[in-house]
Amino acid sequence: MVWEIYLNGVLYLNIESIKLINFRNYRSLDINLNKNMNIFIGKNAQGKTNLLESVYICATGNSFRTNRDKELINFHRNEAYIGANVDLNGIKRFIEIKLDRNRPKRIRINKSELDNLKELNSGLNVVVFSPEDLRIVKDGPFERRNFLDSSISQIRPVYKYNLSKYNKILYQRNNLLKSNKSKSEILSLLEVFDLQLAKTGTEIILARKEFLDKLSNETENIHKKLTFENESLNLDYISNVNTLNYTKAQIEERFFKALKYSMKKDLAIGNTEIGPHRDDVGIKINGLDARTFASQGQQRTVVLSIKLAQMEIIYMEKEVYPILLLDDVFSELDRERRKYLSKSLSKMQTIITSTDLLGLEDLENMDKSIFYIDEGKIMHKE
Ligand code: ATP
Ligand code: MG
């Protein structure tokens, strides 16, 4: 089905309505969303993040909070449901997710069930920005790889497939390294794994490199504006496979050789040292490592720049802005950054959560709906 069409040259993406049944603390919910801005106000633990999570699952098939689908089902129930009506430039899609304690989740688009969850190409793109995202700057490489993986998966469906293939080969290779097979048997089997690992791993490396090239460009520009030219932000791809200006075949070869070179060490520790599962992204502000030297506010600004850049990349790829999910981050920003963010919000549909309306004054003049959340029940106020 041709999902992307042009109408007056402008593409738009909207979620028209969301329906939840037994999803987390929502027993039954059915709401229509504003095409522009939606603000959900609620005290702690009422269901604000849960709502954003349900939208994210419709878009990507997974939660941004957990890999365990069972956690998404209401404690007292065995099944849960998420449904979203999506409008991409006049073409309607009805995305449905069914969760069951005893079987893998099922996804339907316009009533037809997907055979494979990896096939999900919902046409619904989202960018989420939550306080947890500070981890991208603060925590270890795992968080940054995770960010790369989820961002690239949204624009390149084949990436998800390559990544799970890579992880499977890696798992088997590590098991072999730890096994009590004879050394000659291990060595001959390793050869096969290493060829596969280098081939699939190179796909991952190239996709990450391409994405990071674009992301760092956009991020640097946005960050400059956000900091009134006071800070220059640099993102660098860090890989233990040498990728500099090499062709795909050359990277594959280097990867393969590096695996051979580190074999002794790998055998000793029972783990694979070389490959994109060890990748990282260097984040520097004015030449200093943001992880150790940046203040909380600076780190938050870095994440804001990265998220706004991610939106621009989705726009470049899909010619339509994603839905922006802002989880309780508005009030944490200072006035200037709030203003900058508010200006960007007119380009796309947004869903914003907050514990109160204080701090959201900059959004006063925007076309919006305000909802109040109380123990998994939602009231539409204005
Ligand atoms: P905060 O302002 O603190 O971020 P929130 O409104 O974002 O709060 P949520 O994270 O959406 O809160 O969670 C709301 C409630 O949902 C929590 O009290 C949590 O215990 C509950 N909850 C989470 N998972 C389930 C589940 N599977 N079944 C029932 N309730 C759940
Ligand atoms: Mg929350």
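Going by the structure above, here's the rest.
Values in this document were obtained by computation on a predicted structure and should not be read as measured data. Numbers given to residues run from 1 along each chain, matching the order in which its sequence is written. For naming, the first written chain is A and the first written ligand is 1, with later ones following in the order written. Only residues with pLDDT of at least 70 are given local features in this predicted model, and only at 80 or more are side-chain atom pairs given and counted; all residues enter the totals for whole chains, interfaces and linings. Only heavy atoms go into the side-chain values, all of them from the structure, while hydrogens and water stay out.

Draft legend 1. View of the side chain of Asn38. If you trace the backbone, Asn38 turns up in strand β3 (residues 37-42). One polar contact links the side chain of Asn38 to the main-chain amide nitrogen of Asn34, over a distance of 2.7 Å. In this analysis, two residues are considered to be in contact whenever any of their non-hydrogen atoms come within 4.5 Å of each other. What Asn38 contacts, discounting residues up to four positions off in sequence, is Leu33, Gln349, Thr350, Ile351, Ile352, Ser369 and Phe371. Segments assigned H or I by DSSP are reported as helices when at least four residues long, segments assigned E as strands when at least two residues long, and all are numbered from the N terminus. For this analysis, a polar contact is any N or O atom pair within 3.5 Å, provided that within protein one partner can donate a hydrogen and the other can accept it, and provided that sequence-adjacent residues contribute only side-chain to side-chain pairs.

Draft legend 2. Focus on the sheet that holds strand β7 (residues 112-113). Strand pairing follows a simple DSSP-based rule, namely that at least 2 bridges must link the two strands. With respect to topology, 6 strands assemble into an open sheet ordered β2-β1-β4-β5-β6-β7, the strand pairing being antiparallel. Each end of this open sheet is capped by a strand with a single partner; those strands are β2 (26-32) and β7. Pairing of strand β6 (residues 103-109) with β7 involves 2 bridges; the strand directions are antiparallel. Counted as the bridge partner of Arg108 is Glu113 from β7. Note on geometry: axes are lines fitted to C-alpha atoms, helical ones only across the stretch in contact, with angles between N-to-C directions running from 0 to 180 degrees. On top of the sheet, helix α1 (residues 48-60) reaches β1 (13-23), β2, β4 (79-88) and β5 (91-100); it is set at about 115° to β1, its chief contact.

Draft legend 3. Focus on the pairing of β3. Most of β3 sits inside the fold, with 6 of its 6 residues counted as buried. Per-residue accessibility, obtained with a 1.4 Å probe over protein chains only, is compared with the maximum for each type, and a residue is labelled buried under 20%, exposed over 50%, and partly exposed between these values. On β3, burial covers both faces: Met37, Ile39 and Ile41 on one face and Asn38, Phe40 and Gly42 on the other are all buried. Here β3 pairs with strand β13 (residues 350-354) via 5 bridges, running parallel. The partner of Asn38 across the bridge, within β13, is Ile351. Sheet analysis places β3 next to strand β14 (residues 368-374), joined by 6 bridges and oriented parallel. Each bridged residue has a counterpart across the sheet, and for Met37 the counterpart in β14 is Lys368.

Draft legend 4. Region of the structure containing the packing of helix α4 (residues 157-178) against helix α5 (residues 183-226). One can describe the packing of α4 onto α5 by two numbers: an axis separation of 9 Å at closest approach and a directional angle of 150°. For the element pair α4 / α5, the angle class is roughly antiparallel. The handedness of the crossing between α4 and α5 comes out as left-handed. Each residue gets one label: Ala, Val, Leu, Ile, Met, Phe, Trp, Tyr, Cys and Pro are nonpolar, Asp, Glu, Lys and Arg are charged, and the others, such as Gly, are polar. Among the residues making up the contact of α4 with α5, the classes are represented as 14 nonpolar, 5 polar and 5 charged. Convention used here: angles under 35 degrees read as roughly parallel, angles over 145 as roughly antiparallel, angles from 65 to 115 as roughly perpendicular, and any remaining angle as oblique. Note: crossing handedness is left-handed where the near helix turns anticlockwise from the far helix by less than a right angle, and right-handed where it turns clockwise.

Draft legend 5. Here's a closer look at the sheet that holds strand β11 (residues 288-289). Taken in spatial order, the 3 strands make up an open sheet running β9-β10-β11, and their pairing is antiparallel. Every interior strand has two partners, whereas the edge strands, β9 (233-238) and β11, have only one. The pairing of strand β10 (residues 280-285) with β11 spans 2 bridges and is classified as antiparallel. By the bridge assignment, Lys284 is partnered in β11 with Asp289. The strands that α5 touches are β9 and β10; relative to β9, the one it contacts most, it runs at about 175°.

Draft legend 6. View of empty space enclosed by the protein. Points on a 1 Å grid over protein atoms alone make up a cavity when a 1.4 Å probe fits among them but cannot get out, and a pocket when they form an open set with protein on both sides within 12 Å along at least five of seven lines; lining residues each have an atom within 4 Å of a point. Grid points are joined across faces, edges and corners, and a volume is the space filled by probe spheres set on the points. Counting across every chain of the model gives 1 cavity of 30 Å³ or more. Size it by volume and the largest cavity reaches roughly 60 Å³. Ile136, Arg144, Phe147, Leu148, Leu212, Leu215, Leu235, Val281, Ile283 and Ile306 together form the lining of the largest cavity. Mapped onto the lining of the largest cavity, the elements with two or more residues apiece are α3 (141-155), α5 and β10. Here the lining of the largest cavity takes 3 residues from α3, the largest share from any one element. Residue composition of the lining of the largest cavity, by class: 9 nonpolar, no polar and 1 charged.

Draft legend 7. A look at the packing of aromatic side chains. Two aromatic rings from Phe, Tyr or Trp, using only the six-membered ring of Trp, form a pair when their centres are within 6.5 Å; if the ring planes differ by under 30 degrees the pair is stacked, by over 60 it is edge-to-face, and anything between is tilted. What the rule picks out here adds up to 3 aromatic pairs. Both rings, one in Tyr56 and one in Phe64, keep their centres 5.2 Å apart while their planes meet at 85°; by these two values the pair is edge-to-face. Take Tyr56: its relative accessible area is 8%, and that puts it in the buried class. On the basis of an interplanar angle of 10° and a centroid distance of 4.2 Å, the ring pair of Tyr315 and Tyr321 is categorised as stacked. For Tyr321, a relative accessible area of 12% translates into the label buried. Geometry around Tyr246 places Arg254 over its ring, the cationic atom sitting 4.2 Å from the centre. Put simply, a charge is over a ring when the Lys NZ or the Arg CZ is close to the ring centre, within 6 Å, and near the line of the ring normal, within 35 degrees.

Draft legend 8. Structural view of the site of ligand 1. Around ligand 1 sit 15 residues, and of these Asn44, Ala45, Lys48, Thr49 and Ile73 come closest. Within the contact set of ligand 1, a nitrogen atom lies 3.2 Å away from a side-chain nitrogen or oxygen of Arg24. At a separation of 2.9 Å, an oxygen atom of ligand 1 approaches a polar backbone atom of Asn50. Class assignment for the residues of the shell around ligand 1 results in 3 nonpolar, 7 polar and 5 charged. The rule for a residue being near a molecule or strand is that one of its heavy atoms must lie within 4 Å of it.

Draft legend 9. Fine view of the pattern of salt bridges. The term salt bridge refers to a pairing of a side-chain nitrogen on Lys or Arg with a carboxyl oxygen on Asp or Glu at a separation within 4 Å. For the structure on display, the rule yields 30 salt bridges. The partner of Arg173 in a salt bridge is Asp194, and the shortest N-O contact between them spans 2.6 Å. Placement of Arg173 in helix α4 and of Asp194 in helix α5 is noted, with a sequence separation of 21 residues between them. Overall, Asp194 belongs to the buried group, its relative accessible area being 2%. Among the charged side chains, a network of salt bridges with common partners joins Glu132, Arg135, Asp139 and Glu143.

Draft legend 10. View of the packing of α3 against α5. α5 packs onto α3 with a crossing angle of 95° between their chain directions and a minimal axis gap of 10 Å. The orientation of α3 with respect to α5, classified from their angle, is roughly perpendicular. In this structure, α3 contributes Arg145, Phe147, Leu148, Asp149, Ser151, Ile152 and Ile155 to the contact, and α5 contributes Ala207, Arg208, Phe211, Leu212 and Leu215.

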